[in-house]
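Structural features, examined
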Amino acid sequence: MAGNREDLIRSLAGVMGMSGEQKKKDSHFDPTTGTLYCGSKVFSQTDIADAKKFCENNMKKMAELRDNAEMYYEIAASAIELLQQDSIKNGGKMVVKEQP
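Residues numbered from 1 in each chain as written. Predicted model: local features only at pLDDT ≥ 70, side-chain atom pairs only at ≥ 80, totals over all residues. Heavy atoms only, no water.

Scanning the protein for helices and strands turns up three helices and three strands. Taken from N to C terminus, the helices and strands of the protein fall in the order α-β-β-β-α-α. Looking at the protein residue by residue over its 100 residues, the buried ones come to 23%. A total of about 7,600 Å² of accessible surface is found on the protein, and carbon and sulfur atoms cover 56% of it. (Helix = DSSP H or I, 4+ residues; strand = E, 2+ residues; numbered from the N terminus. Buried < 20%, exposed > 50% of the residue type's maximum accessible area, 1.4 Å probe, protein only. Areas by Shrake-Rupley, 256 points an atom, 1.4 Å probe, with all protein chains shown as cover.)

Set out below in structure tokens:
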């Protein structure tokens, strides 16, 4: 009931030219399902594995440029690796599965 009231107030505020923005949702990783929640976006195990592969591929490409881009991709790939390791610690198995 409270959620409907908040939605109604935000909608009315939007119509009146006020903010009316949605309340930002907390981001978290659910190791039991391997799902990453980033605000209102939901990323599956496949999305996460694809993102890691993308970062690793681009990290190799950016190494030739000799700028910070390689480092940024390495940081992102390492963060995904930490999610995978955390999955193993919390559930006893790798929840974010590697893709061939």
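That covers the picture; the talk isn't over yet.
What follows is about the sheet that holds strand S3 (residues 41-43). Strand order across the open sheet formed by three strands is S1-S2-S3, with antiparallel pairing between neighbours. A single partner strand is all that each edge strand has here, and the edge strands are strand S1 (28-30) and S3. Adjacent strand axes in the sheet meet at a mean angle of 20 degrees, parallel and antiparallel pairs treated alike. One ladder, built from three bridges, connects S1 with strand S2 (residues 35-38); its direction is antiparallel. In the strand pairing of S2, Phe29 is matched with Leu36. In this fold helix H2 (residues 45-62) packs onto S1, S2 and S3, with an angle of close to 80 degrees to the strand it touches most, S3. (Pairing = 2+ DSSP bridges. Axes fitted to C-alpha atoms, helices over the stretch in contact; angles between N-to-C directions. Contact = heavy atoms within 4.5 Å.)

With that out of the way, let us pick up the pattern of salt bridges. Scanning the model with the defined rule gives one salt bridge in all. The partner of Glu81 in a salt bridge is Lys52, with the nearest N and O atoms 2.5 Å apart. With Glu81 in helix H3 (residues 69-91) and Lys52 in helix H2, the pair connects residues that are 29 residues apart, well separated along the chain. Overall, the relative accessible area of 29% leaves Glu81 in the partly exposed class. (Salt bridge = Lys/Arg side-chain N within 4 Å of Asp/Glu carboxyl O.)

This paragraph deals with the side chain of Thr35. Summarising the element assignment, Thr35 is placed in strand S2. With relative accessibility at 13%, the residue Thr35 sits in the buried group. When neighbours within four sequence positions are excluded, Thr35 is seen to be in contact with His28, Phe29, Asp30, Val42 and Phe43.

Turning our eyes to something else, we now look at the nonpolar core. Generally speaking, a soluble globular protein has its nonpolar side chains buried in company with each other. The biggest cluster of nonpolar side chains holds five residues, and these are Phe29, Leu36, Ile48, Ile80 and Leu83. Excluding its chain neighbours within four sequence positions, the residues that come into contact with Leu83 are Phe29 and Leu36. (Core = buried A, V, L, I, M, F, W, Y, C linked by side-chain atoms within 4.5 Å.)

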